Amino acid sequence: MTFTQLQYAIALQRYGSFKLAASKLEITQPALSLQISKLERDLELSLFDRSHSPIKPTTEGYQFLLRAREIIGQMEELHAFAAGFTEKVSGKLKIGIIPTLAPFLVPLFADSLQLDHPGISLDIHEQITNQVVHGVRHGDLDAGIISTPLQVSNIATIPLFYEKFMFYTSDKTQDGIIRLSSVDYQKLWLLNEGNCFRDQINNFCNLSEIRKNKSFVYRSNSIDALIRIVDTKGGYTILPELTTLSLSEEQEENLRPIADKPFAREIGLITRVKTNKQILIDQLADCIRTNIPKPMLSPKGLSVVDPDIHLDE
């Protein structure tokens, strides 16, 4: 039994196909099949049920692969420990980031990170929350930037900053703060269902009737698109604070705070509990915090909304 064979077996579990796993591992399919068969013979244990499509681990194989992941993780930790003795911080980070955050956050820290840590390269993927969490848990991503808190096994969270929610309206008669009780939800434009940002808004707004009897429904996945639809068709939308930093002066006049205690979302970095890239991830977290407006670093005075993320284990 070798570490390479363990890595091959973990890849086969992840992708559920010899062809796909071999492609991801950049080896031939016969070579992968041979190594898995050798591992099973050495263990005298059948790890995979090949009668299924996708291929799935046997009951015993699933338990074995859980332990194999721990061992591979410990090996990666040992490499990271050795790397910690060198002053040079370098390596590649594959990061997942949610669409309601990516276009507004990445430009704030990307240049700074490259200037301060030229040895760190970023590979950023814009994905919805469930995809980011799945990618981190299964090793396809080194880290994710999503709305937290998050309670998922084998996932650690590093809080970064807090974004207040604000109304954006073209209604010039709406001066000062806006009370939730005064909002006509038939005029409220929101992201499509299934987006965690929309789900957070649903936690403090009664949206059950939002699309009932509405003659024009715009199912958007883009905050920029919602801003434009309000500018052209009127009504309201709700924006996270970072979004507002990119508004024009004219558009800034359309912002209205929500009455009472401000609602906000927490933005955090998620990683596997044991990762061999913790040094790089810590540098990324520090860089993001350094380039975020200082008032957004504390949740003081804010009502932080739970993103209510539910995932299958």
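Calculation notes
- Residues numbered from 1 in each chain as written.
- Predicted model: local features only at pLDDT ≥ 70, side-chain atom pairs only at ≥ 80, totals over all residues.
- Heavy atoms only, no water.
- Helix = DSSP H or I, 4+ residues; strand = E, 2+ residues; numbered from the N terminus.
- Buried < 20%, exposed > 50% of the residue type's maximum accessible area, 1.4 Å probe, protein only.
- Contact = heavy atoms within 4.5 Å.
- Areas by Shrake-Rupley, 256 points an atom, 1.4 Å probe, with all protein chains shown as cover.
- Salt bridge = Lys/Arg side-chain N within 4 Å of Asp/Glu carboxyl O.
- Core = buried A, V, L, I, M, F, W, Y, C linked by side-chain atoms within 4.5 Å.
- pLDDT = per-residue confidence, 0-100.
- Pairing = 2+ DSSP bridges.
- Right-handed = clockwise from strand over helix to strand, strands pointing away.
- Phe/Tyr/Trp six-rings, centres within 6.5 Å; stacked < 30°, edge-to-face > 60°.
- Axes fitted to C-alpha atoms, helices over the stretch in contact; angles between N-to-C directions.
- Parallel < 35°, antiparallel > 145°, perpendicular 65-115°, else oblique.
- Left-handed = near helix turned anticlockwise from the far one by under 90°.
- Nonpolar A, V, L, I, M, F, W, Y, C, P; charged D, E, K, R; others polar.
- Patch = residues over 30% accessible without salt bridge, like charges linked within 9 Å, V, L, I, M, F, W, Y side chains within 5 Å.
- Expected span 1.5 Å × (residues − 1).

*Asks:* Can you help me understand the overall build of the protein in this one?
*Replies:* Helices and strands together make up the secondary structure of the protein, namely 11 helices and 11 strands. Counting over 313 residues, the protein shows a buried share of 44%. Taking the intrachain contacts of the protein between residues at least 6 apart in sequence as the baseline, contacts between residues at least 24 apart amount to 76%. For the protein, the computed accessible surface area is about 16400 Å², with 50% contributed by carbon and sulfur atoms.

*Asks:* Which parts of the structure should I look at to understand the pattern of salt bridges?
*Replies:* Oppositely charged side chains can pair when the atoms bearing their charge come close. Scanning the model with the defined rule gives 6 salt bridges in all. Note that Arg289 and Asp286 form a salt bridge whose closest N and O atoms lie 3.4 Å from each other. On the criterion of helical spacing, the pair formed by Arg289 and Asp286 is a turn pair, its members being 3 residues apart in helix α11 (residues 278-290). Residue classification places Arg289 among the partly exposed positions, given a relative accessible area of 27%.

*Asks:* Would you mind showing me how to read the nonpolar core here?
*Replies:* Side chains that are nonpolar tend, in soluble globular proteins, to be buried together. Of all hydrophobic cores here, the largest spans 51 residues; its most connected members are Leu101, Leu105, Ile145, Phe161, Leu269 and Ile288. Broken down by secondary-structure element, the contributors of at least two residues to this core are β3 (91-97), α5 (102-116), α6 (129-137), β5 (143-148), β6 (155-169), α8 (223-233), β10 (263-272) and α11. Ranked by residue count, the leading element in this core is α5, at 7 residues. In terms of nonpolar packing, the next biggest core, distinct from the first, is built from 18 residues, Leu6, Phe18, Ile55 and Ala68 among them.

*Asks:* Would you take a moment to explain the confidence of the model for the protein for this structure?
*Replies:* Close reading of the predicted structure is inappropriate where its pLDDT is low. The share of residues in the protein with pLDDT of 70 or more is 84%, and the mean pLDDT across the chain is 83. In the model of the protein, helix α7 (residues 196-204) stands out as the element of lowest mean pLDDT, 57, in contrast to β5, which has the highest, 93.

*Asks:* Would you take a moment to explain the pairing of strand β4 (residues 120-126) for this structure?
*Replies:* Judged from the 7 bridges that link them, β3 and β4 form a sheet pairing that is parallel. Its bridge partner being in β4, Ile97 is matched across the sheet by Glu126. Note on the crossover from β3 through α5 to β4: the handedness is right-handed.

*Asks:* Help me out: how do you make sense of the packing of aromatic side chains in this one?
*Replies:* Taken as a whole, this structure holds 1 aromatic pair when the rule is applied. A ring pair is formed by Phe167 and Tyr236, whose centres lie 6.0 Å apart and whose planes are at 70 degrees; its orientation type is edge-to-face. Placement of Phe167 in strand β6 and of Tyr236 in strand β8 (residues 236-240) is noted, with a sequence separation of 69 residues between them. Just as Phe167 is buried, Tyr236 falls in that class too.

*Asks:* Help me out: how do you make sense of the packing of helix α1 (residues 3-15) against helix α3 (residues 29-43) in this one?
*Replies:* When two helices pack together, their arrangement is given by the angle between the helix axes and the distance between those axes. One way to put it is that α1 packs onto α3 with a least axis distance of 9 Å and a crossing angle of 110 degrees. With respect to α3, the element α1 is oriented roughly perpendicular. Considering only the axes of α1 and α3, their crossing is left-handed. Residues Gln5, Tyr8, Ala9 and Leu12 of α1 pack against Leu32, Gln35, Ile36, Lys38 and Leu39 of α3. When the residues that make up the contact of α1 with α3 are grouped by side-chain class, the tally is 6 nonpolar, 2 polar and 1 charged.

*Asks:* So what exactly am I meant to see when it comes to a nonpolar patch on the surface here?
*Replies:* Residues Phe3, Met75 and Leu78 make up a contiguous nonpolar surface patch of about 280 Å² in total accessible area. Summarising the element assignment, Leu78 is placed in helix α4 (residues 59-83).

*Asks:* Just checking my understanding: could you explain α1 for this structure?
*Replies:* Residues spaced three or four apart along an α-helix face the same direction, because each turn holds 3.6 residues. The terminal C-alpha atoms of α1 lie 18 Å apart, and with 13 residues this matches the ideal 18 Å at 1.5 Å per residue to within 8%. Every buried residue of α1 is accounted for by Gln5, Leu6, Tyr8, Ala9, Ile10, Ala11, Leu12 and Gln13. A positive backbone phi angle near 65 degrees is found at Gly16, which sits one or two residues after α1.

*Asks:* What's the story with unusual backbone geometry in this structure? I'm lost.
*Replies:* Phi is mostly negative for residues that are not glycine, and the peptide bonds are mostly trans. In this model, Thr148 is joined to Pro149 through a cis peptide bond whose omega is 10 degrees. Looking at the secondary structure, you find Pro149 in the loop between β5 and β6. A positive phi angle is found at Glu26, which is not glycine, with a value near 60 degrees. Here Glu26 shows up in the loop between α2 (18-25) and α3. Residue class for Glu26 comes out exposed when judged on its relative accessible area of 73%. Residues other than glycine seldom take positive phi values, yet Glu44 does so here, at roughly 55 degrees.

*Asks:* What is the right way to look at the pairing of β6 in this model?
*Replies:* Burial within β6 is extensive, with 11 of its 15 residues counted as buried. Sheet topology places β6 next to β10; 9 bridges connect them, and they run antiparallel. The residue bridging Pro159 from the neighbouring strand is Gly268, located in β10. Of the pairings in the sheet, the one linking β6 to β8 comprises 5 bridges and is antiparallel in character. Following the sheet pairing, Thr169 is matched in β8 by Tyr236. Where β6 meets strand β9 (residues 255-257), 3 bridges bridge the pair, whose relative direction is antiparallel. Within the sheet, the bridge partner assigned to Phe167 lies in β9 and is Arg256.

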